[in-house]
Amino acid sequence: HPTTHAARGLLIEEGRTNYVKNSQFSGLTVGTNTTTGNWQIAAGAIPSSSITVTGTGTQNGIPYIDVRYNIPTNGTGSTQWPNFGMAIADAATVSNGTKTIFSSWFGVTSYTSTGGTCTVGYSNRSYTAANAYIAEASNYFTATSPYTYQTTPVMTHGATAAKGYFFVYVTV
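Here goes a summary of the coordinates provided. (Residues numbered from 1 in each chain as written. Predicted model: local features only at pLDDT ≥ 70, side-chain atom pairs only at ≥ 80, totals over all residues. Heavy atoms only, no water.)

1. Observations concerning the overall build of the protein chain
Here is step 1 of the chain: Across its full length, the protein chain carries zero helices and twelve strands.
Here is step 2 of the chain: When the helices and strands of the protein chain are placed in sequence order, the string is β-β-β-β-β-β-β-β-β-β-β-β.
Here is step 3 of the chain: Taken over 172 residues, the protein chain has a buried fraction of 31%.
Here is step 4 of the chain: Considering only residue pairs separated by 6 or more positions, the protein chain has 62% of its internal contacts joining residues 24 or more positions apart. (Helix = DSSP H or I, 4+ residues; strand = E, 2+ residues; numbered from the N terminus. Buried < 20%, exposed > 50% of the residue type's maximum accessible area, 1.4 Å probe, protein only. Contact = heavy atoms within 4.5 Å.)

Right, dumping it as structure tokens:
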């Protein structure tokens, strides 16, 4: 039972496949925005924006990365989406009926803004073989600390789907 933790029998779930290559972000270079192992980091469209990997390690047995986003004001009030995600060339191969979900522990330890709210988006997307966007299942949450477990809704890929793509972005 989820509340009382009383035993209620045996739970048997179907098998799972981790479609994310290098799901622990191995090979990141601290002090840079250099990624390896099938991941990419993008700072967004504002000049002088940057993303820097500030640390890696393990907390409570879970590998983590620390990333610092520096996004100066653009004066237009537009939302910016610095992000990190899978390289589209390395996206998971999917077909009609494949179900995918993206989850991780995530937290925003601090941020400053001149009027914006820090929101994080998790996106689980479906693409064609030619990298054309089809649909997505996303989850959005306001900046949280300490870390919380976050997940996207299940994405069931359709007849024209060939790639499943996952990424995280921040809006301020």
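2. Overview of the pattern of salt bridges
Here is step 1 of the chain: Going through the model one piece at a time under the given rule, you end up with one salt bridge.
Here is step 2 of the chain: Among the ionic pairs, E136 bridges to R125, the shortest N-O distance being 3.1 Å. Of this pair, E136 sits in strand β9 (residues 133-142) while R125 sits in strand β8 (residues 119-127), and the two are eleven residues apart along the sequence. (Salt bridge = Lys/Arg side-chain N within 4 Å of Asp/Glu carboxyl O.)

3. Focus on the environment of E136
Here is step 1 of the chain: Judged by relative accessible area, which is 28%, E136 ranks as partly exposed.
Here is step 2 of the chain: Taking the C-alpha atoms as reference points, E136 and Y165, separated by 29 residues in sequence, lie 9.2 Å from one another.
Here is step 3 of the chain: Discounting chain neighbours no more than four positions away, the residues touching E136 are S123, N124, R125 and M155.
Here is step 4 of the chain: Within polar-contact distance, the side chain of E136 engages the side chain of Y133 at 3.1 Å.
Here is step 5 of the chain: Separated by 2.4 Å, the side chains of E136 and S138 make a polar contact. (Polar contact = N/O pair within 3.5 Å; in protein donor to acceptor, adjacent residues only side chain to side chain.)

4. Structural notes on the nonpolar core
Here is step 1 of the chain: Formed by 22 residues in total, the largest nonpolar core has its most connected members in M86, F106, V120, Y122, Y165 and V168.
Here is step 2 of the chain: For this core, the elements supplying multiple residues, two or more each, are β4 (83-86), β8 and β12 (163-171).
Here is step 3 of the chain: In terms of residues, this core owes the most to one element, β12, which gives six residues. (Core = buried A, V, L, I, M, F, W, Y, C linked by side-chain atoms within 4.5 Å.)

5. Re the packing of aromatic side chains
To describe a pair of aromatic rings, one takes the distance between the centres and the angle between the planes.
Here is step 1 of the chain: Following the criterion strictly, the structure yields five aromatic pairs and no others.
Here is step 2 of the chain: Aromatic pair Y127 and Y133: ring centres 6.0 Å apart, planes at 75°, arrangement edge-to-face.
Here is step 3 of the chain: Since its relative accessible area comes to 10%, Y127 is described here as buried.
Here is step 4 of the chain: Between Y165 and F167, the ring centres sit 5.5 Å apart and the planes meet at 40°, which makes this aromatic pair tilted.
Here is step 5 of the chain: By way of ring pairs, the aromatic residues Y127, Y133, Y165 and F167 are connected into one cluster. (Phe/Tyr/Trp six-rings, centres within 6.5 Å; stacked < 30°, edge-to-face > 60°.)

6. Observations regarding unusual backbone geometry
Here is step 1 of the chain: Residues other than glycine seldom take positive phi values, yet N131 does so here, at roughly 70°.
Here is step 2 of the chain: Position of N131 relative to the elements: it lies in the loop between β8 and β9.

7. Considerations on a nonpolar patch on the surface
Here is step 1 of the chain: On the surface, I62, W105, Y147 and Y149 cluster together into a nonpolar patch covering about 420 Å² of accessible area.
Here is step 2 of the chain: With respect to the helices and strands, W105 occurs in strand β7 (residues 103-106).
Here is step 3 of the chain: When its relative accessible area of 48% is taken as the criterion, W105 is described as partly exposed. (Patch = residues over 30% accessible without salt bridge, like charges linked within 9 Å, V, L, I, M, F, W, Y side chains within 5 Å. Areas by Shrake-Rupley, 256 points an atom, 1.4 Å probe, with all protein chains shown as cover.)

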